[in-house]
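Overview (structure and organization)
Here is what each chain is made of, one letter per residue.
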Amino acid sequence: MEDMIKVVKFGGSSLASAGQFSKVGKIIRAEESRRYVIPSAPGKRNAKDTKVTDMLYQCYALAEAEESFTIALRKIRERYDSIINGLHLKLSLNKEFEEIAENFKNKAGADYAASRGEYLNGIIMANYLGYEFIDAAEVIRFDINGEFDAEKTNEILAARLQSCERAVIPGFYGAKEDGKVITFSRGGSDITGSIVAKAVQADIYENWTDVSGFLIADPRIIENPRGIKVITYRELRELSYMGATVLHEDAVFPVRKAGIPINIRNTNAPEEEGTLIVESTCRMPDYTITGIAGKKGFVAVNIDKDMMNSEVGFGRKVLEAFEKYGISFEHLPSGIDTMTVFVHQEEFEGKEQQVLSAIHRLAQPDSIELESDIALIAVVGRGMRSTRGTAGRIFSALAHANVNVKMIDQGSSELNIIIGVKSCDFETAIRAIYDIFVETQIIIK
């Protein structure tokens, strides 16, 4: 186990104060294998606090507007000084803050401004651990168009880390060839961790946050939902797409291709195993389903036409109408004479009449009906393949809860079932499904 390599990423809430830094230090030092550390910028210390990244955006907005940003930058400095002093470090960030002030004056860009949160936290973390500090701008490469260059990054990073036993690499940003700093989207430190894990061919990528992994359902809807011990990348993709967020979606791809598992862990409860995300597993889930997630705000566009099933190209003509106005569809259940297209209501509302006209013109349907305020719920689980009657149990649970099902659609992989209900029935439906597959199963066990 001595040769094991772990890449560890810590989120903003895990690094919000000196007390949290201290917890992180204990976690890293507890295992020799935790050799590469990716820190986020300091998050909120309490509900009324502001994340440092947001403070940096606000500070840079003043610089851009040619207003004084001295006080705003001083407040950011105070956040870092409180961490340094709380950890009793002999470290000064004078040089770094002078450089930041100069670059703000010279309008270095909002990406540069936002990235300084991770950059400064990385310097503190490296000093605290006694690890080497590697500026992400030197090793994470973006191309001339500002797109992440995975191949070039892997080449640079692998070569740099080969001769480096232990290092801190700040998350969230990189740079173009000319040194201009570019950031990933918010939450992008997850992606940096994944990129580093791939470059060093890590055995595991630990992503430390303020929750103990993924939960079967949203805790705002289900009180104390059960945790998920093991989940596959495909299951995670389905749940993330439907709104289950613990990990940045793009963080999965670099490690998935390299076959590296991700372990979601809780900084405030390090004794808990969290959730292990793997490519494939023979371990059956504790329940038939792995998780339930969903989103509100969809419209069902119901299209009727006699003998639709025998008309070659009908589906293409309908979808062409949506494509023409830049609207992507979510689901496409169909019958012999009917076809329903589910789209985001927000996207569709402003263009609905143009789209309907285009459908009439291109496909000549008998009638079109719209049904708004639909919620889609994904029931996901590799255990559904080997369990008969899953859809039947869902229908039964929803009928018992007086929820009317508008649509049911099962993927060919048998990994997920999508259910459409009225938005007002969304929470009731999730509780009913959770109850039949988790609570009832606990009682049976």
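Residues numbered from 1 in each chain as written. Predicted model: local features only at pLDDT ≥ 70, side-chain atom pairs only at ≥ 80, totals over all residues. Heavy atoms only, no water.

Assigned secondary structure in the protein consists of 15 helices and 16 strands. Over its C-alpha trace the protein gives a radius of gyration of 25 Å, about what one expects of a compact globule, namely 22 Å for 445 residues. Structurally, the protein occupies a C-alpha span of about 75 × 55 × 40 Å along its principal axes. When the 445 residues of the protein are sorted by exposure, 50% land in the buried category. For the protein, the proportion of contacts with a sequence separation of at least 24, taken over those separated by at least 6, is 75%. (Helix = DSSP H or I, 4+ residues; strand = E, 2+ residues; numbered from the N terminus. Rg over C-alpha atoms; globule rule 2.2 N^0.38 Å. Buried < 20%, exposed > 50% of the residue type's maximum accessible area, 1.4 Å probe, protein only. Contact = heavy atoms within 4.5 Å.)

The subject of this paragraph is the sheet that holds strand β8 (residues 230–232). Taking strand neighbours across the sheet as the criterion, the eight strands line up as β3-β4-β2-β1-β7-β9-β10-β8 in an open arrangement whose pairing is mixed. Looking at strand neighbours, the two that pair on one side only are β3 (132–133) and β8, the edges of this open sheet. Relative to strand β10 (residues 275–278), strand β9 (residues 262–266) is paired through three bridges, and the arrangement is antiparallel. Residue pairing for β10: asparagine 263 is matched across the bridge by leucine 276. (Pairing = 2+ DSSP bridges.)

Between helix α3 (residues 70–86) and helix α5 (residues 110–129), the shortest axis-to-axis distance is 11 Å and the interhelical angle comes to 15°. Of the possible angle classes, the one that applies to α3 and α5 is roughly parallel. For the crossing formed where α3 meets α5, the hand is right-handed. Side by side, α3 and α5 meet where Tyr80, Ile83 and Ile84 of the first sit next to Arg116, Gly117, Leu120, Asn121 and Ile124 of the second. (Axes fitted to C-alpha atoms, helices over the stretch in contact; angles between N-to-C directions. Parallel < 35°, antiparallel > 145°, perpendicular 65-115°, else oblique. Left-handed = near helix turned anticlockwise from the far one by under 90°.)

For a regular strand, side chains alternate in direction, first toward one face of the sheet and then toward the other. Most of strand β1 (residues 6–10) is tucked away, with five of its five residues classed as buried. Because side chains alternate across β1, one face comprises the buried residues Lys6, Val8 and Phe10, and the other comprises Val7 and Lys9, equally buried. Inspection of the sheet shows β1 paired to strand β7 (residues 204–209) by five bridges, in the parallel sense. Residue pairing in the sheet places lysine 9 in a bridge with asparagine 207 of β7. Pairing geometry for β1 and strand β2 (residues 34–39), over five bridges, is parallel. Within β2, the residue paired with valine 8 across the bridge is valine 37.

Looking now at the environment of cysteine 424. By secondary structure assignment, the location of cysteine 424 is in the loop between β16 (416–422) and α15 (426–444). Measuring from C-alpha to C-alpha, the distance between cysteine 424 and aspartate 373 comes to 8.2 Å, with 51 residues separating the pair along the chain.

Compared with an ideal rise of 1.5 Å per residue, which puts 17 residues at 24 Å, α3 spans 24 Å between its outermost C-alpha atoms and is within 8% of the ideal. The complete set of buried residues in α3 reads Leu73, Ile76, Arg79, Tyr80, Ile83 and Ile84. One side of α3 holds all its buried residues, which, seen down the axis, span an arc of 135°. Away from its buried face, by an angle of more than 90 degrees, α3 presents the exposed residues Ile71 and Asn85. Tucked into the core, α3 has its buried residues touching α1 (18–30), α2 (52–64), α4 (94–105) and α5. Positive backbone phi, at 55°, marks histidine 88, one or two positions downstream of α3. (Expected span 1.5 Å × (residues − 1). Arc of directions from axis to C-beta.)

Counting 120 residues, the largest nonpolar core has Phe104 and Leu161 as the members making the most contacts within it. Here this core gets ten residues from one element, more than from any other, and that element is α5. Setting aside anything within four residues of it in sequence, one finds leucine 161 in contact with Tyr36, Ile134, Ala167, Ile169, Val196 and Val200. In this structure, Ile303, Met308, Phe314 and Met339 belong to the second largest nonpolar core, which totals 19 residues. (Core = buried A, V, L, I, M, F, W, Y, C linked by side-chain atoms within 4.5 Å.)

Within this structure, the stated rule accounts for 23 salt bridges. Across the pair glutamate 31 and arginine 34 runs a salt bridge whose closest N-O atoms are separated by 3.3 Å. Between glutamate 206 and arginine 265 there is a salt bridge; the shortest N-O distance is 3.6 Å. Of this pair, glutamate 206 sits in strand β7 while arginine 265 is found in strand β9, placing the two residues 59 residues apart along the sequence. As far as burial versus exposure is concerned, glutamate 206 and arginine 265 are alike and both buried. The structure contains a network of salt bridges with shared partners spanning Lys6, Glu31, Arg34, Glu206 and Arg265. (Salt bridge = Lys/Arg side-chain N within 4 Å of Asp/Glu carboxyl O.)

Let's shift gears to the packing of aromatic side chains. Per the stated rule, a full pass over the model turns up eleven aromatic pairs. Between phenylalanine 10 and tryptophan 208 the ring centres are 5.9 Å apart and the planes differ by 20°, which places this aromatic pair in the stacked class. Within this pair, whereas phenylalanine 10 is found in strand β1, its partner tryptophan 208 is found in strand β7, the two being separated by 198 residues in sequence. Each of the two residues, phenylalanine 10 as well as tryptophan 208, counts as buried. An angle of 70° between the planes, with centres 5.7 Å apart, marks the rings of tyrosine 119 and phenylalanine 133 as edge-to-face. In this pair, tyrosine 119 sits in helix α5 while phenylalanine 133 sits in strand β3, placing the two residues 14 residues apart along the sequence. Residue class for phenylalanine 133 comes out partly exposed when judged on its relative accessible area of 23%. Cluster of aromatic residues (ring-pair linked, three or more members): Tyr60, Phe69, Phe104 and Tyr112. Sitting over the face of the ring of tyrosine 128, arginine 29 holds its NZ or CZ atom 4.7 Å from the ring centroid. The ring of tyrosine 173 carries arginine 116 above its face, with NZ or CZ at 5.4 Å from the centroid. (Phe/Tyr/Trp six-rings, centres within 6.5 Å; stacked < 30°, edge-to-face > 60°. Lys NZ or Arg CZ within 6 Å of the ring centre and 35° of its normal.)

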